[in-house]
Amino acid sequence: MVSGKNIAVAASVTAVVAGISYLAYFDYKRRNDPKFRRKLKRSRKKAEKTAEKISGDASLDEINSQALELLNIIAQEKLPESPEEKEKFFMAQVSRGEALCGAGPSGYADAACRFFQALKVYPNPVELVMIYQKTTPDIVFKLVMAMMAQEVQQKQARYFDVFPPEDKHVRIKDKNKKESKKQAKSDDAKEVVVPNRALFTTKEFAEGDVVYEEDSVVSTLLPCAQNGQFCHHCLRKIPEASSAFECDKCHESVYCSEKCRQDAYDAYHQYLCPSSSSSTAREFAELAKKTHELAPVLIAKFFGILVDREKKKELARALGVSEKQKTEADEYTTWEHLESMRYLELIPTASDAQVLRKLGELMSNSVPGLNEFVTSERYSMLKGKLDYNAYAVHGSDVPKETESTHVSDTMRDDHVAGAVGISLYLISSHITHDCDPNVQIVFPEGTDKAAIKALKPIAADEELHISFVDPSLDVETRRKQLQSSYRISCKCAKCEAELKAAEATPTVNADTIDPMDDSTPSFAAVAASPSPATAAAAFNSEHEKKFAEATLEQSEQAAEQAAESESPEQPEQAAEQAAEQDVEQDAEQDAEQEKPSAQDSE
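Just so it is clear, the model here is predicted, and its values are computed rather than measured.

Next up on the list: the packing of aromatic side chains. With the rule as written, the count across this model stands at 12 aromatic pairs. With centroids separated by 4.9 Å and ring planes inclined at 80 degrees, the aromatic side chains of Y159 and F160 adopt a geometry described as edge-to-face. Aromatic ring contacts, followed pair by pair, group Y159, F160, F163 and Y332 into a single cluster. The ring of Y332 has K155 sitting right over it, with the charged end atom 5.3 Å from the ring centre. Directly above the ring of F200 sits K173, whose terminal nitrogen or CZ lies 4.5 Å from the centroid.

Strands sit in the order 4-8-7 across an open sheet of three strands; the sheet is antiparallel. Looking at the sheet topology across the chains shown, the edges are occupied by strand 4 (218–221) and strand 7 (391–394). Here the average twist between neighbouring strands, direction ignored, is 30 degrees.

Moving on, we get to the packing of helix 4 (residues 60–73) against helix 6 (residues 108–121). At their nearest, the axes of helix 4 and helix 6 sit 10 Å apart, and the two run at 65 degrees to each other. The hand of the helix 4/helix 6 crossing is right-handed. Residues Q66, L70 and L71 of helix 4 form the contact with helix 6, whose own contacting residues are A109, A112, C113 and F116. Taken together, the residues of the contact of helix 4 with helix 6 break down into six nonpolar, one polar and no charged.

The subject of this paragraph is the pattern of salt bridges. Counted by the stated rule, this structure contains 20 salt bridges. In this structure, E293 and K383 form a salt bridge, with 3.3 Å as the shortest nitrogen-oxygen distance. With E293 in the loop between helix 12 (280–291) and helix 13 (295–318) and K383 in helix 17 (residues 376–389), the pair connects residues that are 90 residues apart, well separated along the chain. The exposure class of E293 is buried, given its relative accessible area of 18%. In this structure K383 comes out as buried when scored by relative accessible area, which is 7%. One network of salt bridges, with partners in common, ties together E77, D110 and R114.

The next thing to look at is the side chain of Q117. When you line up the elements, Q117 lands in helix 6. Judged by relative accessible area, which is 0%, Q117 ranks as buried. Here K120 takes part through its side chain, which lies 3.1 Å from a polar atom of the side chain of Q117.

Relative to the 20 Å expected for 14 residues at 1.5 Å per residue, helix 15 (residues 350–363) spans 20 Å between its end C-alpha atoms, a close match to the ideal helical length. What helix 15 keeps buried is the set D352, V355, L356, K358, L359, G360, L362 and M363.

Quick look at the pairing of strand 2 (residues 197–201) now. Burial runs high along strand 2: four of the five residues are buried. Bridging between strand 1 (residues 170–174) and strand 2 involves five bridges; their strand directions are antiparallel. Paired with I172 across the strands is L199, a residue of strand 2.

On strand 7, burial covers both faces: Y391 and V393 on one face and A392 and H394 on the other are all buried. Examined bridge by bridge, strand 7 and strand 8 (residues 419–424) share four bridges and lie antiparallel to one another. Paired with V393 across the strands is G421, a residue of strand 8.

So, how was this worked out
- Residues numbered from 1 in each chain as written.
- Predicted model: local features only at pLDDT ≥ 70, side-chain atom pairs only at ≥ 80, totals over all residues.
- Heavy atoms only, no water.
- Phe/Tyr/Trp six-rings, centres within 6.5 Å; stacked < 30°, edge-to-face > 60°.
- Lys NZ or Arg CZ within 6 Å of the ring centre and 35° of its normal.
- Pairing = 2+ DSSP bridges.
- Helix = DSSP H or I, 4+ residues; strand = E, 2+ residues; numbered from the N terminus.
- Axes fitted to C-alpha atoms, helices over the stretch in contact; angles between N-to-C directions.
- Left-handed = near helix turned anticlockwise from the far one by under 90°.
- Contact = heavy atoms within 4.5 Å.
- Nonpolar A, V, L, I, M, F, W, Y, C, P; charged D, E, K, R; others polar.
- Salt bridge = Lys/Arg side-chain N within 4 Å of Asp/Glu carboxyl O.
- Buried < 20%, exposed > 50% of the residue type's maximum accessible area, 1.4 Å probe, protein only.
- Polar contact = N/O pair within 3.5 Å; in protein donor to acceptor, adjacent residues only side chain to side chain.
- Expected span 1.5 Å × (residues − 1).

So this is what it looks like as structure tokens:
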């Protein structure tokens, strides 16, 4: 069973890593509006009665139900935004919570609300949760944790209603969702339906139209492109070596502009720079290189970017800077977006454990609670999300991959070659695969910024498909790659049509093939059978076997003749053999002369 401590750590660290922007505080209305005060008083009395009922051995369902009621009570409250106000608010909430706990079970519900609100403004939630666990009544602690979990669930439930933003002209829908509420209620009683989400258009698009553009969440160069010619931040091709902006500490990472250099340092390079004050960064880089994977670097960059974005949001709120064109989707953090993506279930490896330990040493000071939050299972989950959802970024003049620069990471790539990097996108990760796609990902600016381009006319409310592999490959190669990389058993229309066409082609029996017969079918004809690789192998095997037998027989005969001609003979024997041959030839000539011709017989 999961302990209360584990629940506390998971819930609180999720809050800090996800950077959930809670919005609550006792404002002017609470102090001055008589109607509001009366409403709040009634809600408190109701909560107190419920708390008395569950103060004993409460079940998990009862605790969750009470937590949901408490969330509704504090929904009208607002949190302060400035650091000074937050500090005063925190002290007031903790003091009030302690006093309510001292009043006995009747004050437990309201105490949980006060501790919950204090937790939301405290800079290190993990530390505060540990204090709560040691100093508050068990039922109060469970209520606080349940309130955190319930709020996260409420937020997740409305996620697909607000994301993607309307100006992207696409939406995420569950293809398994029932059209009728009555049908859904009936079917749900029989079985649990697993969501099958995909990306659909909200308007029509013509061939060649750009459906939407999207910035990457995190990206990195492939090892073959880390040659000083490409920007380590946006992946742009740097026109001239003299125009590159190097990291002034390690001189290894280069950038196309001062902005890219500064943005990279603020977000992640300050942790990953090999020439930093700690040797941990260099050790992490060497360890990641040995694994021949980009996932460790991408995950480290991801956490750095996540923290940097939340810091900038917090700074903007503290300075009173208004955020332009803010939408409902902006309340979700990068981590919460990531949680909505599909992923491949991977088994943790020994190298994963080494990378995870080094990652904790690298970033634990900057990301409080990272060690507790990123377990081996969660690290594998992050790798699985990258493996399933990341795209290859294509550029120009990309060096060829070698054995030393090869990486094992999976990436969606409909090209044969030319990838410069790998990148993850929030919206495009929800596009599903089809070997006959209606859209393609392109990079018009030569950076990791993506554009989804229509390959054919697309109707409104039509599902978008992209090819995860090169669609020009034969059907068996495509299906093999999709199964091994994505565990997809492709049954798209293109695959089905090509398989039926292959089945209709007559199969040649390799056992009946005469290797010396001019009428033997060619290799190309045999390869056109339903299983080209198998038929070709059978043809080659049988042909080579018979050809080898014939060649061996001819070689033995030639060897015998050569041996006879080269063996030394006595002069007398040679003369006798010559005489005998002359006599035989004379006898044959006489016999021929005595035979009647065809005319004589007639």
